[in-house]
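Topology and contacts: notes
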Amino acid sequence: MEVVEIRHGKGALCAEILAALPEWFGLAEANAAYARDVETMAMFAAVAGGETLGFAALKRHTPHAMEIHVMGVSPAHHRQGAGRALIDAALRHAREQGARFLTVKTLSDRHPDRAYAGTRAFYEAVGFLAVEELPTLWGPDNPALMLIRPLA
């Protein structure tokens with residue numbers, strides 16, 4: 001497996017992977033917005049044998065912080081290292097761009113979703129720390145949690 005930077009066809013790749021992840025990305029409007037958004041972002045893909053296993057797209061918020069705006073790994077490739085490889089690429093890119101922090105938002109544990117419990121556990125396992133719950137960012141039924149990873 002290798003991680004490569006994607007420069008063309010970002011939206012289509014994003015849409016394809018998110019469509020395979022309805023437990024996490026089940027809202028057509030949100031998925032379409034992600035596919036539009038990633039066109040202007042740095043994007044990395046984990047690839048093996050000519051197949052794209054997953055991707056991560058990064059958004060610059062301030063000179064000090066970049067965010068994993070959206071990330072997904074095809075279900076057949078969960079727990080095989082693609083997610084960690086994408087995080088490593090995101091960390092390298094953020095450092096190269098002079099950022100001091102990498103952030104990500106996910107569903108808070110106030111929501112009982114089991115899939116997102118796994119997502120939070122993944123981010124914690126790769127060094128992210130919960131810093132703030134944002135109960136109204138995505139609406140009252142979808143409380144967000146912001147996590148951060150220092151890059152020093």
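We now turn to the structure provided with this report. Given the structure is predicted, the values throughout are model-derived calculations rather than measurements.

Within the protein, the secondary structure is distributed over four helices and seven strands. If you list the helices and strands of the protein from N to C, you get β-α-α-β-β-β-α-β-α-β-β. Structurally, the protein occupies a C-alpha span of about 40 × 35 × 30 Å along its principal axes. Expressed as a percentage of its 152 residues, the buried residues of the protein come to 44%.

Right, let's talk about the sheet that holds strand E3 (residues 51-62) for a bit. Ordered in space as E1-E2-E3-E4-E5-E7-E6, the seven strands form an open sheet in which the pairing is mixed. Taken across any chain shown, the strands that pair with only one partner, and hence form the sheet edges, are strand E1 (2-6) and strand E6 (129-134). Adjacent strand axes in the sheet meet at a mean angle of 30° when their direction is disregarded. Where strand E5 (residues 101-107) meets strand E7 (residues 144-150), seven bridges bridge the pair, whose relative direction is antiparallel.

Reported here for the largest pocket is a volume of approximately 1300 Å³. What lines the largest pocket is a set of 46 residues, and nearest its centre among them are Trp 24, Phe 25, Met 71, Tyr 116 and Thr 119. No other element matches the eight residues that helix H4 (residues 114-125) contributes to the lining of the largest pocket. Looking at side-chain class alone, the lining of the largest pocket contains 23 nonpolar, 15 polar and eight charged residues.

It is generally the case that most residues other than glycine have a negative phi and that most peptide bonds are trans. With a phi angle near 65°, Arg 79 is a residue other than glycine that sits in the positive phi range. As for its placement among the helices and strands, Arg 79 is situated in the loop between strand E4 (65-73) and helix H3 (82-96). Arg 79 gets classed as exposed once you look at its relative accessible area, which sits at 86%.

Here we come to helix H1 (residues 10-19). Three or four residues apart is the spacing at which side chains of an α-helix point the same way, because the helix has 3.6 residues per turn. Of all the positions in H1, only Lys 10, Gly 11, Leu 13, Cys 14, Ile 17 and Leu 18 are classed as buried. Across the axial projection of H1, the buried residues extend over an arc of 160°, all falling on one side. Summarising the geometry of H1, the exposed residues directed more than 90 degrees from the buried face are Ala 12, Glu 16 and Ala 19. Contacts from the buried residues of H1 go to E1, helix H2 (28-37), strand E2 (42-48), E3 and E4.

This paragraph deals with the pattern of salt bridges. In total, this model carries three salt bridges according to the counting rule given. Across the pair Glu 5 and Arg 7 runs a salt bridge, and its minimum N-O distance is 3.4 Å. Between Glu 133 and Arg 110 there is a salt bridge, and its shortest N-O distance comes to 2.5 Å. Taken together, the residues span a long stretch of sequence, with Glu 133 in strand E6 and Arg 110 in the loop between E5 and H4 at a distance of 23 residues. By relative accessible area, which is 24% here, Glu 133 ends up partly exposed. Residue Arg 110 is classed as exposed on the basis of its relative accessible area of 67%.

This part is about the packing of aromatic side chains. Scanning the model with the defined rule gives three aromatic pairs in all. A centroid spacing of 5.8 Å and a plane angle of 85° characterise the contact between Phe 25 and Tyr 34, whose relative ring orientation is edge-to-face.

The rules we used
Numbering of residues starts from 1 in every chain and runs along the sequence as written. Local features in a predicted model are, by the rule used here, given only for residues with pLDDT of at least 70; side-chain atom pairs are given and counted only at 80 or more, and totals for whole chains, interfaces and linings are based on all residues. Side-chain numbers here rest on the full set of heavy atoms in the structure, without hydrogens or water. Strands are runs of DSSP state E lasting at least 2 residues, helices are runs of H or I lasting at least 4, and numbering of each runs from the N terminus. Throughout this description, buried means an accessible area under 20% of the type-specific maximum (1.4 Å probe, protein chains only), exposed means over 50%, and partly exposed covers the range between. DSSP bridges decide pairing: two strands pair if at least two such bridges lie between them. Axis lines are fitted to C-alpha atoms, over the contacting stretch for helices. Their N-to-C directions set the angle, which ranges from 0 to 180 degrees. Only protein atoms enter the 1 Å grid used here. Points where a 1.4 Å probe fits but cannot escape make up a cavity, open sets with protein on both sides within 12 Å along at least five of seven lines make up a pocket, and a residue lines them when an atom lies within 4 Å of a point. Grid points are joined across faces, edges and corners, and a volume is the space filled by probe spheres set on the points. In this classification, Asp, Glu, Lys and Arg are treated as charged, Ala, Val, Leu, Ile, Met, Phe, Trp, Tyr, Cys and Pro as nonpolar, and every other residue, Gly included, as polar. To be clear, the arc concerns the directions from the helix axis to the C-beta atoms. Throughout, a contact is declared for two residues whenever any of their heavy atoms are within 4.5 Å. One speaks of a salt bridge when a side-chain nitrogen belonging to Lys or Arg is within 4 Å of a carboxyl oxygen belonging to Asp or Glu. Ring pairs shown here join Phe, Tyr and Trp side chains whose ring centres sit within 6.5 Å, with only the six-membered ring taken for Trp; geometry is labelled stacked below 30 degrees between planes, edge-to-face above 60, and tilted in between.

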